[in-house]
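Overview (structure and organization)
The residues making up each chain are set out below.
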Amino acid sequence: MQVSIGRIGFSTFLGQVSNMSDVVPALQAAVAKADYDTAHRLYESHATDLDGNIVARNLHAETLFAQGDTEAALSLLHETQARSPSDVRAPLELGKMYLRLHDKASALGWFERAAAVAPANMWSYYHIAQIHRRHGDFAAEVDILRRGERHCHGRVLAAEYQTILKELASARTLLAVQRLSGYEIRLAPPAAEAPELPGCVHVTMAKDEGDVIYACLAASYRQGFRKFMIADNGSTDNTADEIRRFAADHPSAITFIVSDPVVGYYQDVKTMALVDYAARVFAGIGSPIRWAFPIDADEELQAFDSEASLRQIVNHADRQDAKMIVFAWSHAASVTALQRFEPEQDLHRSFPCRSRFGPGLVRKCAFRIDGVAMVEMGAHFIRDCADREADMVIAAEHGFAMIHYAVRSVEQAKRKTVNGYNALKAATGMEGMGSHWRSDYEKFVALGDVFFQQKVEAYIDRVKRHAI
């Protein structure tokens, strides 16, 4: 039953939920909408019937906490836990509440209690790991997530288990670069052109990225890629010309250029279609691929260890029989806001500022194509690919990062926002995606072009302060 409580009186609302089976869903709806006054009255009006319902008691504790009655909220949760000591829900809520009160020791204690009560509940490990990450203890974060992986493998939903793997990949990345100064990526000098990276394909989708796509494709070529599958999504700038220029300048590479006329934002399925096509066509011409590297037109793989090479990472992944290689973004920015960036300008000299690897790092994944993998939006993880930690290779542990040239000029920031907003608008089922594009577009409508000048300047400031 769907209950709308924002536009009806409380007496009418109570009439709609007089059936007890509807009370808890209605209570959940009120708390989800932060309508705590309604939630409080609803619980109190059914307090006797709800007294033994752990979900309802936890929701009421959340309501009391939000209304400022911290003591009553904690008392209710402690009572719930004492009544049902073998139930994991109250300890989890106590851990979260103490965390919001900045009581780290109590929060950790209750999350550990939750893990002891229900070893296969992944959220205990997740919350403990987040506490360790916020305090920079990445070794402890890795340890608790590994404990969670052991207990949860095969016992929880795939999506929940993959949350552990995602966080474990991030934690291992942070641990690997902790030895660097402030987790900052200092790129190694550009290596000489690497020999061919066998069995690997670079996959890109591009729309109006003519200022940067040649440089990023050329960077992949220098890393050893000789197979490229590129979809041009109806670009109106010089993107197609730049792709063709790259193909002409690198005749030893096989470069497929696919025309993508679909405006809608379906990046995940489009990426998989390109990978499937690449697998078929390269197998058909006697040069099969094993690994797909989804790399956006504004991204490039770069070593921060002078001894590192992409070939070493791929060889290690093959020896380990791994299924996924996880990279992490380091954001690049110019020193001051550029109004326009031209493709003939030097990418590295124009964007010398690099963000550190911090707690909010973003993953980007390559994957082996012989499974049933499915790219998540943005290729930030690969579903149905890694089944255990051993299935992942962490690129930072081998001296590699992914450099992201996300915001390059005022003109490009506007173009990216408008294109992103239009792509989301043209797609179906994407209501929860791309909130940054929707928000930026609304600010653009309200403020005009001055918003993008502000956006670029704010981005540069965040990169310089390592706050991104």
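Residues numbered from 1 in each chain as written. Predicted model: local features only at pLDDT ≥ 70, side-chain atom pairs only at ≥ 80, totals over all residues. Heavy atoms only, no water.

1. Re the packing of aromatic side chains
Under the convention used in this document: Only the six-membered ring of Trp is used, alongside the rings of Phe and Tyr, when aromatic pairs are assigned; centres must lie within 6.5 Å, and planes under 30 degrees apart are stacked while those over 60 apart are edge-to-face, with the rest tilted. Put simply, DSSP H or I for four residues or longer makes a helix, DSSP E for two residues or longer makes a strand, and each gets a number counted from the N terminus. Charge over a ring is defined by NZ of Lys or CZ of Arg lying within 6 Å of the ring centre and within 35 degrees of the ring normal.
Under the definition given, this model contains 14 aromatic pairs. With a centroid separation of 5.0 Å and 80° between ring planes, the pair formed by Phe-225 and Phe-293 is classed as edge-to-face. Linking Phe-225 in the loop between helix 12 (213–223) and strand 2 (227–232) with Phe-293 in strand 4 (residues 291–294), this pair joins segments that are 68 residues apart in sequence. With centroids separated by 5.0 Å and ring planes inclined at 65°, the aromatic side chains of Phe-341 and Phe-351 adopt a geometry described as edge-to-face. In this pair, Phe-341 is assigned in the loop between strand 6 (324–333) and helix 16 (347–350) and Phe-351 in the loop between helix 16 and strand 7 (353–354), connecting sequence segments 10 residues apart. These aromatic residues form a ring-pair network of at least three members: Tyr-421, Tyr-441, Phe-444, Phe-451 and Phe-452. Here the guanidinium or amino end of Lys-227 rests over the ring plane of Phe-282, the centre of that ring lying 5.9 Å away. The ring of Tyr-214 carries the charged tip of Arg-245 above its face, separated from the ring centre by 3.8 Å.

2. Quick look at the pairing of strand 12 (residues 400–404)
We count it as follows: Exposure categories follow from relative accessible area, calculated using a 1.4 Å probe and restricted to protein chains: below 20% of the type maximum is buried, above 50% is exposed, and the middle band is partly exposed. Strand pairing requires that DSSP identify at least two bridges connecting the strands.
Here strand 12 lies mainly inside the structure; five of its five residues are buried. Alternating residues of strand 12 divide into Phe-400, Met-402 and His-404 and Ala-401 and Ile-403, and every residue in both groups is buried. When strand 5 (residues 299–303) meets strand 12, the two strands line up antiparallel, connected through five bridges. Opposite Leu-301, over in strand 12, you have Met-402 as the bridge partner. Judged from the three bridges that link them, strand 6 and strand 12 form a sheet pairing that is parallel.

3. Quick look at the confidence of the model for the protein
Close inspection of predicted coordinates is inappropriate for parts of the model with low pLDDT. So the rule is basically this: pLDDT measures the predictor's confidence residue by residue and takes values from 0 up to 100. By definition in these notes, contact holds between two residues if any of their heavy atoms fall within 4.5 Å.
Residue-level pLDDT values for the protein average 90, and 93% of them are 70 or greater. Counting interchain partners and residues more than four positions distant, the pLDDT-below-50 stretch residues 1–15 has 25 contacts.

4. Overview of unusual backbone geometry
Among all residues save glycine, negative phi is the norm, and among peptide bonds the norm is trans. Positive phi, normally seen in glycine, also occurs at Ala-34, with a value near 60°. In this fold, Ala-34 is placed in the loop between helix 2 (20–32) and helix 3 (36–45). The exposure class of Ala-34 is partly exposed, given its relative accessible area of 45%. For Asp-321, which is not a glycine, the phi torsion comes out positive at approximately 60°. By the secondary structure assignment, Asp-321 is in the loop between helix 15 (310–319) and strand 6. The class for Asp-321 is partly exposed, based on a relative accessible area of 45%.

5. Topic: the packing of helix 17 (residues 410–426) against helix 19 (residues 450–464)
Put simply, the test is: Here the axes come from fitting lines to C-alpha atoms, over the contacting stretch only for helices, and the angles between their N-to-C directions go from 0 to 180 degrees. Working rule for angles: under 35 degrees goes down as roughly parallel, over 145 as roughly antiparallel, 65 to 115 as roughly perpendicular, anything else as oblique. Each residue is assigned to one class: nonpolar for Ala, Val, Leu, Ile, Met, Phe, Trp, Tyr, Cys and Pro, charged for Asp, Glu, Lys and Arg, and polar for all the others, Gly among them.
The geometry of helix 17 relative to helix 19 is characterised by a closest axis approach of 9 Å and an angle of 110° between their N-to-C directions. Taken together, the axis directions place helix 17 and helix 19 in an arrangement best described as roughly perpendicular. Facing Val-410, Ala-413, Lys-414 and Thr-417 of helix 17, the residues of helix 19 in contact are Phe-452, Gln-453, Lys-455 and Val-456. Of the residues contributing to the contact of helix 17 with helix 19, the split by class is four nonpolar, two polar and two charged.

6. Notes on the environment of Glu-397
For clarity, the threshold we go by: In protein, a polar contact requires one atom able to donate a hydrogen and another able to accept it; more generally it is a pair of N or O atoms within 3.5 Å, and residues adjacent in sequence count only if both atoms are side-chain atoms.
Position of Glu-397 relative to the elements: it lies in the loop between strand 11 (392–394) and strand 12. Classification of Glu-397 by relative accessible area gives partly exposed; the value is 37%. Once the C-alpha coordinates of Glu-397 and Asn-238 are considered, the two residues, 159 residues apart in sequence, prove to be 37 Å apart. Among all residues touching Glu-397, those that are not within four sequence positions of it are Arg-172 and Ala-176. In this structure the side chain of Glu-397 is engaged in a polar contact, spanning 2.7 Å, whose partner is the side chain of Arg-172.

7. A look at the side chain of Glu-376
For Glu-376, the position within the fold is in the loop between strand 9 (374–375) and strand 10 (382–383). Among the residues examined, Glu-376 registers a relative accessible area of 16% and is labelled buried. Those residues in contact with Glu-376, other than ones at most four positions away along the chain, are Lys-166, Asp-268, Phe-381 and Arg-383.

8. Quick look at helix 3
The test is simple: The arc refers to the directions leading from the helix axis to the C-beta atoms.
Along helix 3, the residues that are buried comprise Thr-38, Ala-39, Leu-42 and Tyr-43. Along helix 3, the residues classed as buried sweep out an arc of 130° about the axis, all on the same side.

9. A few points about the environment of Val-55
One can find Val-55 in helix 5 (residues 54–66). Those residues in contact with Val-55, other than ones at most four positions away along the chain, are Val-24, Gln-28 and Arg-89.

10. Focus on the nonpolar core
Note the following rule: Here the nonpolar core consists of buried residues drawn from Ala, Val, Leu, Ile, Met, Phe, Trp, Tyr and Cys, with membership extended through side-chain atoms lying within 4.5 Å.
One finds Val-201, Met-229, Met-324, Phe-367, Ile-382 and Met-392 to be the most contacted residues of the largest nonpolar core, which totals 59 residues. Setting aside chain neighbours within four positions, we find Val-201 in contact with Phe-225, Lys-227, Phe-228, Met-229, Ala-278, Phe-282, Ile-289, Trp-291, Ala-292 and Phe-293.

11. Notes on the packing of helix 12 against helix 13 (residues 239–249)
Note the cut-off: Each crossing gets its handedness from the near helix: less than a right angle anticlockwise from the far helix is left-handed, clockwise is right-handed.
Close contact between helix 12 and helix 13 brings their axes to 9 Å; oriented N to C, the two are set at 30°. Taken together, the axes of helix 12 and helix 13 are roughly parallel relative to one another. With respect to the hand of their crossing, helix 12 and helix 13 are arranged in right-handed fashion. Touching Ile-213, Tyr-214, Leu-217, Ala-218 and Tyr-221 of helix 12 are Thr-239, Glu-242, Ile-243, Arg-245, Phe-246 and Asp-249, all from helix 13. Split by residue class, the contact of helix 12 with helix 13 holds seven nonpolar, one polar and three charged.

12. Section: the pattern of salt bridges
Quick note on the threshold: We define a salt bridge as a contact between a side-chain nitrogen of Lys or Arg and a carboxyl oxygen of Asp or Glu at a distance within 4 Å.
Throughout the structure, instances matching the rule amount to 35 salt bridges. One salt bridge connects Arg-388 with Glu-149, and the closest N-O pair in it is separated by 3.1 Å. One end of the pair, Arg-388, is in the loop between strand 10 and strand 11; the other, Glu-149, is in helix 10 (residues 138–152), and 239 residues separate them in sequence. Owing to a relative accessible area of 31%, Arg-388 belongs among the partly exposed residues under this scheme. Looking at Glu-149, the relative accessible area reads 6%, which means it is buried. Among the ionic pairs, Asp-211 bridges to Arg-408, the shortest N-O distance being 2.8 Å. Placement of the pair is Asp-211 in the loop between strand 1 (200–206) and helix 12 and Arg-408 in the loop between strand 12 and helix 17, with a sequence separation of 197 residues.

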